[in-house]
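Inside the fold
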Amino acid sequence: MQNDIWAALPDEARSAVDALVRRDRRIHAVQVIREAFAQGAKPGLTEALDVVVERYRALEQPLFTSTPPLDLEKLAAAVAALPVRPDAIEALWDGDTDGWFVVLFAVTAAPRRQFELAVSRLGTDLRLFDGEAPPWPEAVEAREVGGALARQLDVPFAFASPERPDDTAPRWWDGR
């Protein structure tokens, strides 16, 4: 790999970056790269991320992995293991450096609590440039499986923004 930043890294940092890449810990790998340099010589975030992406390619690691399909039985078991019975099942958008995804939660009204049940991530935001989204398959999956779980538990299902990613959409408990 021909990269000045990679070439300047100590062997220990290179090993740590490769170990993190193999575990798909991209941001942590960026952090290792940046911390290996003195304050004034630190590469920028973009440059460090470019190095990490190059390491993914060099190590033949996929840059993106979809989450497994949501499993109604596993979700029901996760809810049964909670310390309280949920008042609703809620789907919420969230995002990170790869793009948008949907998180399913079991939520209670009083006190306001949320318990993460599962994540649905079925693509990166490159889909936006490729014309693949919308529709957002994460939203479809969350609506179908989350709705089925809510029906099975006889509680409401809430998804304030099923048509498009919105991490500022109102929460279920705000509409009560």
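Residues numbered from 1 in each chain as written. Predicted model: local features only at pLDDT ≥ 70, side-chain atom pairs only at ≥ 80, totals over all residues. Heavy atoms only, no water.

**Some thoughts on the pattern of salt bridges**
Summed over all chains, the structure comprises 5 salt bridges. Among the ionic pairs, Arg 55 bridges to Asp 18, the shortest N-O distance being 2.8 Å. Of the two residues, Arg 55 sits in helix 4 (residues 45-58) while Asp 18 sits in helix 2 (residues 11-22), which places them 37 residues apart along the sequence. Judged by relative accessible area, which is 9%, Arg 55 ranks as buried. On the basis of relative accessible area, Asp 18 is assigned to the buried category, the value being 11%. Linking Glu 163 and Arg 143 is a salt bridge whose minimum nitrogen-to-oxygen distance equals 3.6 Å. Taken as a pair, Glu 163 in the segment after strand 4 (157-158) and Arg 143 in helix 7 (residues 137-153) lie far apart in primary sequence, 20 residues in all. Classification of Glu 163 by relative accessible area gives exposed; the value is 60%. On the basis of relative accessibility, which here comes to 35%, the residue Arg 143 falls in the partly exposed class. (Salt bridge = Lys/Arg side-chain N within 4 Å of Asp/Glu carboxyl O. Helix = DSSP H or I, 4+ residues; strand = E, 2+ residues; numbered from the N terminus. Buried < 20%, exposed > 50% of the residue type's maximum accessible area, 1.4 Å probe, protein only.)

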